[in-house]
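The chain contents come next:
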Amino acid sequence: MAIAGALALAVAFAGVKGWVTRPLGMVSAGLFVVCLLLVAVIGWQRHRHTLVDREIAARGQMIVMIAARLKTQDDEELEAMAARGGPAGEAARLVLEGRAERTRRPPRGGPPDPLTR
């Protein structure tokens, strides 16, 4: 897109100088403006998308940090926090899921217990 815009600008400049016909220069100037607007719109959309991606990453990091702090809480407090919702509730839910997974998982080195499946 930037190359097309630069080429259109060069042809528009050539039209002003009289190196190419005037109508071709005017069409090229219009094409340059369209390319400039498209680049601006695409850049704005990418910027918004990048901000959303940063927000998602920051939220994930925050939840991990909260979960690290909540690992010492007992299950009743964690269940109450999970019921309230929000980032702390999501972190509490993750801690509870991790604890449940550890109780289901067989101990390392030994054969799996058929009764816990």
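The rules behind these values
Residues numbered from 1 in each chain as written. Predicted model: local features only at pLDDT ≥ 70, side-chain atom pairs only at ≥ 80, totals over all residues. Heavy atoms only, no water. Helix = DSSP H or I, 4+ residues; strand = E, 2+ residues; numbered from the N terminus. Rg over C-alpha atoms; globule rule 2.2 N^0.38 Å. Phe/Tyr/Trp six-rings, centres within 6.5 Å; stacked < 30°, edge-to-face > 60°. Buried < 20%, exposed > 50% of the residue type's maximum accessible area, 1.4 Å probe, protein only. Lys NZ or Arg CZ within 6 Å of the ring centre and 35° of its normal. Axes fitted to C-alpha atoms, helices over the stretch in contact; angles between N-to-C directions. Parallel < 35°, antiparallel > 145°, perpendicular 65-115°, else oblique. Left-handed = near helix turned anticlockwise from the far one by under 90°. Contact = heavy atoms within 4.5 Å. Nonpolar A, V, L, I, M, F, W, Y, C, P; charged D, E, K, R; others polar. Expected span 1.5 Å × (residues − 1).

> Looking at this structure, how should I read the overall build of the protein?
In terms of helices and strands, the protein carries 4 helices and 0 strands. For the protein, the α and β elements follow one another from N to C terminus as α-α-α-α. Taking 2.2 N^0.38 as the reference for a compact globule, 117 residues should give roughly 13 Å; the C-alpha atoms of the protein span a radius of gyration of 30 Å, well beyond that estimate. If you line up the protein on its principal axes, its C-alpha atoms span 85 × 35 × 20 Å.

> Even after reading the chapter, I still don't get the packing of aromatic side chains, so can you show me in this structure?
For any pair of aromatic rings, the description rests on two quantities: the centre-to-centre distance and the angle between the ring planes. This structure, assessed with the given rule, holds 1 aromatic pair. Between Phe 13 and Trp 19, the ring centres sit 6.0 Å apart and the planes meet at 80 degrees, which makes this aromatic pair edge-to-face. The exposure class assigned to Trp 19 is exposed, which follows from its relative accessible area of 63%. One residue, Arg 48, lies across the ring of Trp 44, its end atom 4.7 Å from the ring centre.

> What's the story with the packing of helix α2 (residues 22-70) against helix α4 (residues 86-104) in this structure? I'm lost.
The relative placement of two packed helices is expressed as an angle between their axes plus a distance between the axes. Remark: α2 packs on α4, axes separated minimally by 8 Å, with the N-to-C direction vectors making an angle of 60 degrees. Our classification of the angle between α2 and α4 gives oblique. Helix-helix and strand crossings are classified by hand; for α2 and α4 the assignment is right-handed. Contacts between α2 and α4 involve Arg 59, Met 62, Ile 63, Ile 66, Ala 67 and Leu 70 from the former and Pro 87, Ala 88, Glu 90, Ala 91, Ala 92, Leu 94, Val 95 and Arg 99 from the latter. By residue class, the composition of the contact of α2 with α4 is 11 nonpolar, no polar and 3 charged.

> Is there a simple way to explain α2 in this structure?
Because an α-helix packs 3.6 residues into every turn, residues spaced three or four apart end up facing the same way. Across its 49 residues, α2 extends 72 Å between first and last C-alpha, which sits within 8% of the 72 Å expected from 1.5 Å per residue. Along α2, the positions that sit buried rather than exposed are Gly 25, Ser 28, Cys 35, Ile 63, Ala 67 and Leu 70. Residues of α2 that are buried sit in contact with α1 (2-17), α3 (75-84) and α4.

> How should the environment of Val 64 be read in this particular structure?
Structurally, the position occupied by Val 64 is in helix α2. Along the sequence, Val 64 and Ala 29 sit 35 residues apart, while their C-alpha atoms lie 53 Å from each other.

> Honestly, the packing of α3 against α4 in this entry has me stumped. Any pointers?
Look at α3 against α4: their axes get within 7 Å of each other, and the N-to-C directions meet at 135 degrees. One way to sum up the angle between α3 and α4 is to call them oblique. By crossing handedness, the relation of α3 to α4 is classed as left-handed. Contact with α3, carried on its side by Asp 75, Leu 78, Glu 79, Met 81, Ala 82 and Arg 84, involves Gly 86, Ala 88, Gly 89, Ala 92, Arg 93, Val 95, Leu 96 and Arg 99 of α4 and no other residues of that element. Along the lines of polarity and charge, the residues of the contact of α3 with α4 split into 7 nonpolar, 2 polar and 5 charged.

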